[in-house]
Amino acid sequence: MKITRASVNITSPGRNFVTLKIETDEGIHGLGDGTLNGRELAVASCLNEHLLPCMIGRDPFQTEDIWQYLYRGGYWRRGPVLMSAIAAIDVALWDIKGKALNTPVYNLLGGKSREGVMVYAHASGKDIDHALEDVARYKEAGYKAIRVQSGIPGLGSAYGVPRGTNRYEPAQRGLPHEERWSTEIYLRHTPRLFERVRKAFGEELHLLHDCHHRLTPIEAGRLGKELEPFHLFWMEDPTPAEWQEGFKTIREHTTTPIAVGEVFNSIWDAHDLIRNQWIDYLRMSLVHGGGFTPLKKAADFAALYHVRTGFHGATDLSPITMAAALHFDLAIHNFGIQELMPHNEETNRVFLHQYTFKDGMMHPSDTPGLGVELDEAQAAKYKYQRAYLPVNRKLDGTLTDW
Ligand code: EZ4
Ligand code: CO
C-alpha cells in the first residue's frame, strides 16, 4: 500500500479545527487531528509546506519509521506546532492501518484492558451555589467524575467558568480578551468550594480541579494540603511545568494527587516529573504529544512509576482526537481517566463519530480504524475565524499564566 495524496482541511463549526486526510492507492484513507488552539494555521502550514510532500509514495503501515523520519530526520525537534503536525500524520496512519486490517485501533494497541473509559465532566458556576447546581446536573447525567471550578466573588470573569448561559468554549473569536486574577483570593476561596461540594454530594463522586498553572510551588503545596480533607481525584496544572523540579516542593507538602501536561509535546517535558514520582497523572494528549507512536512509549515509561494517563479532552481537541484517545484509553493498562468536554452540534455534524457515552463511561466503538469520518460538505460551510484563549493579568496588571 502506498500514500497517494494528503490534504489539510480547516473548518470552524463554532471553533477552529485542522484535519489531515491521507489517501492510499488501495482506496483506504485515514484522518488525523492537527488542531492547536490559537495557532491552527501554523500547523496547517507546517503540514502543507514541509511534511506532507515527504509522505507521498510511502507505505502507511510503517508508522514507526515515518514517525522517526519526521522527528529525527527533520533536524528540528519538539515544539507544539511541529509535534501536532507529526501527530496528525501518525494518527491518520493508524486509522488507515485499522481500516486495512478491518479492526478497531484499540486492537492494534494491545486490545481491550477494560470495558469502558471513565470520563470527567466540567462543572462550573459564577459562584459556589451555581457551581453546586452544575455538579448536580452532571451527576444526574450519570458522570462518576466531575471537575469543579467556580467564579470568585469580586474577581469578575474567571477562566474555566462560562460567561452567561452559552455553552463553554475557552477560545474567543477576534483578538485575545483579558481577565483578572488574584492568587490570594483564589487560595481562600477554593477550599470552601470543595467543602461545600463534598457536603452536598458525599464521598462517592470523584472530584477534580484545574489551577491553570497560576500558583507557585509553595502556594500549590498549601492548596493541596487544604484540599486533602475533600479527597480530590486530582489537582491539575498547579504550577508552570517548564521547571520540573518545582513539583518536588508540592509533593513534599501534600498527598493530593497531581495531574499535569496538557501543554506538553514530548516525553522530555515530563521525564523528571515521572521518574521522580512528582506527579500521578500525565495529561499530554495524542494530538499535541505527537500521536500514538510516542504516547504509547510515554505511557509505558510512566507505568513503571505508577503514573497513569489523564488525557486532555477539551473542545479544541477534535472528535478525531477524542476517538483516538478512547481507543488508547481502552487498551493501555495504566489508564486513569479521560477529560470530556462535549463538542457542539455543528462540530458533531462535521465529524461523524461512533463513540458512545453511558453511565459516566465512554466506548470508542468497534468500527475498524478510529471510527470517525469528516463530512467535507458540512466542513466547507464554516470558514476559519481567528480565535484565541484569554490573557490573564493580576489585579495590578501584571501578566500571569492561564
Ligand atoms: O485550557 O483546552 O483542562 N482543560 C483546560 C482547557 C485548556 C484549553 C487549551 O487549549 O485547561 O480549557
Ligand atoms: Co487544564
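It should be emphasised that the depicted structure is a prediction, and the values quoted were computed from it without experimental measurement. (Residues numbered from 1 in each chain as written. Chains lettered and ligands numbered in written order. Predicted model: local features only at pLDDT ≥ 70, side-chain atom pairs only at ≥ 80, totals over all residues. Heavy atoms only, no water.)

Colleague: What's the story with the coordination of the cobalt ion (ligand 2) in this structure? I'm lost.
Modeller: Donor atoms from the polypeptide that bind the cobalt ion (ligand 2) are Asp 210 (OD), Glu 236 (OE) and Glu 262 (OE), placed at 2.0 to 2.1 Å. The sequence motif formed by the donor residues of the cobalt ion (ligand 2) is D-x25-E-x25-E. Residue Glu 236 is located in strand E9 (residues 234-236), and its partner Glu 262 is located in the loop between strand E10 (258-260) and helix H9 (271-275); the two are separated by 26 residues in the primary sequence. Residue classification places Glu 236 among the buried positions, given a relative accessible area of 0%. (Donors = N, O, S within 2.8 Å, 3.2 Å for Na, K, Ca; no water. Helix = DSSP H or I, 4+ residues; strand = E, 2+ residues; numbered from the N terminus. Buried < 20%, exposed > 50% of the residue type's maximum accessible area, 1.4 Å probe, protein only.)

Colleague: For this particular structure, what's the right way to read the packing of aromatic side chains?
Modeller: The tally for this structure, following the rule as stated, stands at 14 aromatic pairs. The interplanar angle of 55° and the centroid separation of 5.6 Å between the aromatic rings of Trp 94 and Phe 292 together place this pair among those described as tilted. In this pair, Trp 94 sits in helix H3 (residues 80-100) while Phe 292 sits in helix H10 (residues 292-303), placing the two residues 198 residues apart along the sequence. The same class applies to Trp 94 and to Phe 292, which are both buried. Taken together, Trp 94, Phe 292, Phe 311 and Phe 328 form an aromatic cluster joined through their ring pairs. One Lys or Arg, Arg 15, reaches over the ring of Phe 17 and ends 5.7 Å from the middle of that ring. (Phe/Tyr/Trp six-rings, centres within 6.5 Å; stacked < 30°, edge-to-face > 60°. Lys NZ or Arg CZ within 6 Å of the ring centre and 35° of its normal.)

Colleague: I'm lost on helix H5 (residues 128-140) in this one. Help?
Modeller: Given 3.6 residues to a turn, an α-helix orients residues that are three or four positions apart in the same direction. Spanning 13 residues, H5 covers 18 Å between terminal C-alpha atoms, matching the ideal 18 Å at 1.5 Å per step. Buried within H5 we find Ile 128, Ala 131, Leu 132, Asp 134 and Val 135. In an axial view of H5, the angular spread of the buried residues amounts to 165°, which keeps them on one side of the axis. Opposite the packed face of H5, turned more than 90 degrees from it, sit the exposed residues Arg 137 and Glu 140. Structurally, the start of H5 carries an N-cap: the backbone nitrogen of Asp 129 is 3.3 Å from a side-chain oxygen of Asp 127. Of the residues trailing H5, Gly 142 is marked for its positive phi of about 105°. (Expected span 1.5 Å × (residues − 1). Arc of directions from axis to C-beta. Polar contact = N/O pair within 3.5 Å; in protein donor to acceptor, adjacent residues only side chain to side chain.)

Colleague: Explanation requested: the side chain of Thr 103 in the structure shown.
Modeller: Note on placement: Thr 103 falls in the loop between H3 and helix H4 (105-108). With relative accessibility at 14%, the residue Thr 103 sits in the buried group. Polar side-chain contacts of Thr 103 include one of 2.9 Å to the side chain of Asn 107. If we skip the residues at most four places from it in the chain, Thr 103 touches Gly 98, Leu 108, Pro 368 and Gly 369. (Contact = heavy atoms within 4.5 Å.)

Colleague: Even after reading the chapter, I still don't get the sheet that holds strand E19 (residues 391-394), so can you show me in this structure?
Modeller: Consider a sheet: its strands pair through backbone hydrogen bonds, and that pairing is either parallel or antiparallel. Strand order in the open sheet made by the three strands is E7-E19-E20, with mixed pairing throughout. Both outer strands of the open sheet, strand E7 (178-181) and strand E20 (399-400), are each paired with one neighbouring strand and no more. Sheet analysis places E19 next to E20, joined by two bridges and oriented antiparallel. Counterpart to Arg 393 in the pairing with E20 is Leu 399. (Pairing = 2+ DSSP bridges.)

Colleague: Any chance you could explain the pattern of salt bridges here in plain terms?
Modeller: Side chains carrying opposite charge are able to pair once their charged atoms draw close together. Enumeration according to the criterion identifies 20 salt bridges in this entry. Note that Arg 283 is salt-bridged to Glu 262, the shortest N-O span being 2.9 Å. Note that Arg 283 is positioned in the loop between strand E11 (281-282) and H10 and Glu 262 in the loop between E10 and H9, a separation of 21 residues in sequence. Each member of the pair, Arg 283 together with Glu 262, is buried. Residues Asp 272 and Arg 275 are paired through a salt bridge, measuring 3.0 Å at the closest nitrogen-oxygen approach. Here Asp 272 pairs with Arg 275, and both are found in helix H9, just three residues apart, close to one helical turn. Under the relative-accessibility criterion, Asp 272 is labelled partly exposed at 27%. Its relative accessible area of 41% is what places Arg 275 among the partly exposed residues. Overlapping salt bridges bring together Glu 236, Glu 262, Arg 283 and Glu 339 as one network. (Salt bridge = Lys/Arg side-chain N within 4 Å of Asp/Glu carboxyl O.)

Colleague: Even after reading the chapter, I still don't get the packing of helix H1 (residues 40-51) against H3, so can you show me in this structure?
Modeller: When two helices pack together, their arrangement is given by the angle between the helix axes and by the axis-to-axis distance. Where H1 meets H3, the closest approach of the two axes is 9 Å, and the angle between their N-to-C directions is 65°. Comparing their axes, H3 and H1 come out roughly perpendicular. You can see that H1 and H3 cross each other, and the crossing is right-handed. In this structure, H1 contributes Ala 42, Val 43, Cys 46, Leu 47 and Leu 51 to the contact, and H3 contributes Val 81, Leu 82, Ser 84, Ala 85, Ile 86, Ala 88 and Ile 89. The class makeup of the residues in the contact of H1 with H3 is 11 nonpolar, one polar and no charged. (Axes fitted to C-alpha atoms, helices over the stretch in contact; angles between N-to-C directions. Parallel < 35°, antiparallel > 145°, perpendicular 65-115°, else oblique. Left-handed = near helix turned anticlockwise from the far one by under 90°. Nonpolar A, V, L, I, M, F, W, Y, C, P; charged D, E, K, R; others polar.)

Colleague: Just checking my understanding: could you explain the sheet that holds strand E1 (residues 3-11) for this structure?
Modeller: The sheet built from three strands is open, its strands ordered E1-E2-E3 with antiparallel pairing. The sheet terminates laterally at E1 and strand E3 (29-33), the two strands that pair on one side only. Strand-to-strand twist in this sheet, taken as the mean axis angle between neighbours without regard to direction, amounts to 20°. As paired elements, strand E2 (residues 17-24) and E3 share five bridges and run antiparallel to each other. Within E3, the position partnered with Lys 21 by the bridge is Leu 31. Contacting E1 and E2, H1 runs over the sheet at an angle of about 165° to E1.

So far we have only geometry, and geometry alone does not tell us how the molecule works.
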